[in-house]
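Now for the letters of each chain:
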Amino acid sequence: MKVAVFYFTQTGQALAIAKSVCQPVEAAGVEVVYRAIEPVTPFPYPWSYMDFFQLMPETRLYMPAPIKEPDFSGVEDADLVILSGQSWYLSPSQPIEAFLQNERARAFMKGRPVVTLNGCRNMWAMGQKEIRKQLALAGAHYVGYIVLQDEHPNLVSLFSIVSWLFYDKKDAHGLIPHAGVTDSNISAASRFGTPLLKALKNADFSNLQQELVDLGSVPYRSFLVFVETVGHRMFGKWAKFCRKKGGPNAQERSTRIFLFSLYVFFALLVASPIALVLYYATYLLRIPGIKRKKKDLLFNLADK
Ligand SMILES: Cc1cc2nc3c(=O)[nH]c(=O)nc-3n(C[C@H](O)[C@H](O)[C@H](O)COP(=O)(O)O)c2cc1C
């Protein structure tokens, strides 16, 4: 049996997650082949303020920068494909989106079971919808997904992610806690490999997502999904507004990109705490909708 893992990562987090999930699979003698998804032009890391925000319009509009042709040699007979990446701007990161749109990758995934992994701050739900849509268009058999995230409160992880992505400081310092997924959560992700191995051995993935969810694979926080839904819509408007002044890194759009960056901090620091109060004040009315959305997001993997 063979598993092909395609991943993109800047800091190594998405690869570490994939290796942990695959650990029981590899220990059982299944061959696991790791292949990096490589952008034609590497993205900067750590990020400068403007480079970081310049990326939003094309990320949100699913117009990713090109990747090098993925290498499928030696994995043509893979029994399972794992795609490991991260959220960028409430969307799949550009390299993951580029892979999902790549014609050869689509042909490779067609008819094959696919599991996706996401190591993000805490906003993965809208990107998840895009991933399932792209996998359905590719004709892949989407059988499960796993999300690992920063478990600090939303506002706290905002400060730690800035420190991590802009200054490459991942460890706790001063008042700022550790950023990203903790090492212990990454190593605990090996528990997801057990149902994965069982499904592989039986060539039956029909109950995999349920078993992963039972093990805590999807950290569903309804308020954050609400914030994401609103944010995703707003980012879409901002993306179109910015692109009217030009494409990636066009100098002419810098003012709009800068205004967008102010909007993001305003939305996270001011608007979302107010929304939190209003959200829980009307929580009882929201319960039926929350249940419906949660069921759809967790178990409807084939939706276009
Ligand atoms: C440009 C950019 C945008 C990001 N946007 C989000 C986001 O919308 N939601 C989220 O939870 N995390 C977001 N993150 C954090 C990433 O999902 C991820 O956790 C982090 O970049 C580390 O991933 P990696 O080292 O595996 O590439 C963003 C990171 C970058 C670089």
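One can find the structure itself at the top, above this paragraph.
None of these values were measured; they are calculated from a predicted model.

The rules we used
Residues numbered from 1 in each chain as written. Predicted model: local features only at pLDDT ≥ 70, side-chain atom pairs only at ≥ 80, totals over all residues. Pairing = 2+ DSSP bridges. Helix = DSSP H or I, 4+ residues; strand = E, 2+ residues; numbered from the N terminus. Right-handed = clockwise from strand over helix to strand, strands pointing away. Near = placed C-beta within 6 Å. Buried ≥ 20, exposed ≤ 12 C-beta atoms within 10 Å, placed from the backbone. Arc of directions from axis to C-beta. Axes fitted to C-alpha atoms, helices over the stretch in contact; angles between N-to-C directions. Parallel < 35°, antiparallel > 145°, perpendicular 65-115°, else oblique. Left-handed = near helix turned anticlockwise from the far one by under 90°. Contact = placed C-beta atoms within 7 Å. Nonpolar A, V, L, I, M, F, W, Y, C, P; charged D, E, K, R; others polar.

Before going further, it helps to spend a moment on the pairing of strand β2 (residues 31-36). Note that strand β1 (residues 2-7) and β2 share six bridges and pair parallel. Pairing of lysine 2 across the sheet is with glutamate 31, part of β2. Handedness of the β1-helix α1 (residues 13-27)-β2 crossover: right-handed.

Attention now goes to the site of the ligand. Within the structure, the ligand sits among 20 residues, and Thr9, Thr11, Gln86, Cys120 and Arg121 are positioned closest to it. Among the secondary structure elements, those contributing two or more residues to the shell around the ligand are α1, β4 (87-88) and β6 (113-120).

Turning our eyes to something else, we now look at helix α9 (residues 193-202). Within α9 the residues assigned to the buried category are Gly193, Pro195, Leu196, Ala199 and Leu200. Mapping the buried residues of α9 onto a view down its axis gives an arc of 165°, with all of them on the same face. Directly beyond the C-terminal end of α9, a positive phi value near 50° is found at alanine 203.

With that out of the way, let us pick up the pairing of strand β3 (residues 80-85). Counting buried residues in β3 gives six out of six residues, a clear majority hidden from the surface. Across the two faces of β3 the burial is the same, with Leu80, Ile82 and Ser84 and Val81, Leu83 and Gly85 all buried. The pairing of β1 with β3 spans five bridges and is classified as parallel. Bridge pairing in β3 places valine 3 opposite leucine 80. Here β3 runs beside β6; their pairing, made up of five bridges, is parallel. When the sheet's bridge partners are listed, isoleucine 82 is paired in β6 with valine 115.

Okay, the environment of serine 48 next. Mapped onto the fold, serine 48 is located in the loop between β2 and α2 (49-54). Residue serine 48 is classed as exposed on the basis of its C-beta count, with 10 C-beta atoms lying within 10 Å. As for serine 48 and leucine 165, which are separated by 117 residues in sequence, their C-alpha atoms are 8.7 Å apart.

Look at helix α11 (residues 222-243) against helix α12 (residues 254-281): their axes get within 11 Å of each other, and the N-to-C directions meet at 155°. Relative to α12, α11 is oriented roughly antiparallel. Crossing geometry of α11 relative to α12 is assigned as right-handed. Here Phe223, Phe226, Val227, Gly231, Trp238, Phe241 and Cys242 of α11 come into contact with α12, specifically with Arg256, Ile257, Phe260, Tyr263, Ala267, Ser272, Ala275, Leu276 and Tyr279. Per-class residue counts for the contact of α11 with α12 are 13 nonpolar, two polar and one charged.

Moving on, we come to the sheet that holds β1. Pairing in this open sheet of five strands is parallel, and the strands run β2-β1-β3-β6-β7 from one edge to the other. Every other strand in the sheet has two partners, leaving β2 and β7 (141-149) as the edge strands with one partner each. Pairwise comparison of adjacent strand axes, ignoring direction, gives a mean angle of 20° for this sheet.

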